[in-house]
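Spelled out from the first residue to the last, the chains are:
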Amino acid sequence: MIHLREPRWELIGVTVGAARTSTEDEWPATLSVQSLLEQGWRPTPFREFVLKVHSRCNLACDYCYMYEMADQSWRRQPRRMSRATLDRTAARIAEHARSNDLSRIGVVLHGGEPLLAGPEHIRYAVEAVNSAVDSRTSVSFHLQTNGVLLDSVYLKLFDELDIYASVSLDGDEDGHDRHRRRANGRGSHEEVTTGLHRLTTPAYRRLFSGLLSTIDLRNDPVATYEALLAHRPPAVDFLLPHGNWDTPPPGRGDDAATPYGDWLVAIFERWYRTPVRETRVRLFDEIIRLLLGRPSRSETIGLSPVAVAVVETDGSIEQVDTLKSAYEGAAHTELHVGRDTFDAALMLPAMAARQIGRRALADACAACPVHRVCGGGLYTHRYRSGTGFANPSVYCRDLFRLVTHVRDAVSQDIEAYTRKVSSQEGTG
C-alpha cells in the first residue's frame, strides 16, 4: 500500500447518487469512512482505470451484465467517449498518479465493445493518457474485446502502441455459440476464432494477454478447457456467471450441491496434474498464491484492496461495472471527471468497502476457515435486498469446494516433497 500524506484524507463532501436512495439503509451505504480514517485506515490509490470508450456492442450475449441484467443505464450513455472527455480523464489519471507517487498504472480500454470506437479513437485515447502522465509513471494498456473486429488495421495499431488484448471465448463452437451471438441469433464463434488466429500469428502473439471464458454448466469442463488451449493462450480466466441472492445464477439453488465448484475442480485436476504447464489459469494461480501466504492480485478472490476505477463514456466515475448485474444504480456515484478527482472517489463508502479486507466480510464469512483465501467471493455476487453486500457470495459452497480441493492437492504435494527430501538427506 502506498503511504499517503495525512492531510489529503479528510472526508471529502461527496455522496452516492440518487440512484442509490432505495438502498440507503443497505451495506455499504451505512459504512462510515470517517470512522475508518479515525481508526487509522487509509485508502489504496487506484492503479487500474477502466475507460468505457464505447458503450454499445456488436454482439447480443444473453448473459451480459451490461445489457441483459438489472442496470439499463447504458441506454442513456453516449455511444462513444468524446475526445474532450478522454482528455479530461487522462488529466485526472495523471493527477492521481502524481499525487500518490504511482510508478505504474494500467489503463483498460473497455465497452461495450471497445473496437467499435474505431482505430483512430483508440489511438487518441492512448496518446491522450501517455501525453498527460508524468514520465515517472509507466502506463500499460490493455483492451478487452469479443474478437469479432480484430483485423490487420487494429493489430498494427496495437503493435505500434503496445496495447495488449484479451479475448472472450466460451470454449468450442457449441459452447460458445449458445450465448455469444449476434442480435439475429447467429453464433459468433467462427468470427471470434478468425480474429484470434490473426492475433496469435508470430507478428502479434506478444500482444495476446489471454482468454476470458464464462462458465456454462452444460458445457463439459475439460472439453471447454482444451478448446481454449488450442489457441495457446498465455492465461485463461474462467468467470462465474453474474448473479446474487435475489437473482441466483443458473443451476445455483439453495441446496448443498456445488455444481460450479465441481466444474472448476475438473479443470483444476486436468490443469494441475499435467507434467508441463500449458497455460496460466488465473483463478487457480491466485488460490495457490493465497494458500502460500501471498496477497491476491485479483478482485475475484482474497482480501487485497480493490484499486480499480471505471469511467463511463459520459465521464462519470463509477465503481466496478459488474455491479450493474445487482440492481439499477449499483455502480453509480455522483462523481465526474469534469469536476471530481479520483482521490474523491476513494472516500466513498462503496469504494472503501472494497478496500477494508476482512472488515467487509459477513460474520459467517469471517468465521469460515478459508475466508482469507476465498475473501467472501466476488463482491458483486454477495448482494441481497435488505442487507446489501454484507453477505457471503451466492457461490459460497462452490468456492469452499474449490478452495479446499486446491488446498488438499497442494498440501499433499508439499508433504510428498518434504518426505522425499528428508529421505534423501537421511541416505546422503
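Up top is the structure.
Predicted model only: the values in this text are computed from it and were never measured. Counting from 1, residues in each chain are numbered in the order their sequence is written. Only residues with pLDDT of 70 or above have their local features reported here, since the model is predicted, and side-chain atom pairs are shown and tallied only from 80 upward, although totals for entire chains, interfaces and linings are computed over all residues. To get the side-chain values, all heavy atoms of the structure are used, and hydrogens and water are removed first.

Draft legend 1. Expanded view of a negative patch on the surface. Surface patches are drawn from residues lacking salt bridges whose relative accessible area is over 30%; two like charges belong together within 9 Å, two nonpolar side chains (Val, Leu, Ile, Met, Phe, Trp, Tyr) within 5 Å. Method for areas: the Shrake-Rupley scheme with a 1.4 Å probe, in which residue coverage is limited to the protein chains shown. What counts as a salt bridge is simple: a side-chain nitrogen of Lys or Arg found within 4 Å of a carboxyl oxygen of Asp or Glu. Think of it this way: Lys and Arg go in the positive column, Asp and Glu in the negative one, and His and the chain ends go nowhere. By convention, the charge on Lys lies at NZ, on Arg at CZ, on Asp at CG and on Glu at CD. Side chains of Asp 172, Glu 173, Asp 174, Glu 190 and Asp 220 sit close together on the surface and give a patch of like negative charge. What counts as a helix is a DSSP run of H or I of at least four residues, what counts as a strand is a run of E of at least two, and both are numbered from the N terminus. Note that Glu 173 resides in helix H5 (residues 173-177). Each residue gets one of three labels from its accessible area relative to the maximum for its type: buried under 20%, exposed over 50%, partly exposed in between, using a 1.4 Å probe on protein chains only. The class for Glu 173 is partly exposed, based on a relative accessible area of 48%.

Draft legend 2. Unusual backbone geometry, seen in detail. The linkage connecting Trp 27 with the following residue, Pro 28, adopts the cis geometry, with an omega of 15 degrees. Structurally, Pro 28 can be placed in the segment before helix H1 (33-38). Residue Gly 112 is reached from Gly 111 by a cis peptide bond, and omega for that bond is 15 degrees. With respect to the helices and strands, the residue Gly 112 is situated in the loop between strand E2 (104-110) and helix H3 (119-132). Residue Asp 101 is not a glycine yet carries a positive backbone phi of 55 degrees.

Draft legend 3. View of the sheet that holds strand E4 (residues 163-168). Two strands qualify as a pair provided that DSSP identifies no fewer than 2 bridges between them. In spatial order, the strands read E7-E6-E5-E4-E3-E2-E1-E8-E9; together these nine strands make up an open sheet with mixed pairing. Because the sheet does not close on itself, it has two edges, and the strands there are strand E7 (280-281) and strand E9 (317-318).

Draft legend 4. Focus on the nonpolar core. What we call a nonpolar core is a set of buried Ala, Val, Leu, Ile, Met, Phe, Trp, Tyr and Cys residues that are connected through their side-chain atoms within 4.5 Å. Counting residues in each nonpolar core, the largest one holds 112 residues, and the members touching the most others are Phe 158 and Phe 238. Per element, the largest residue contribution to this core is eight residues, and it comes from helix H8 (residues 259-273). By size, the runner-up hydrophobic cluster in this structure holds six residues, among which are Val 50, Val 108, Val 310 and Val 320.

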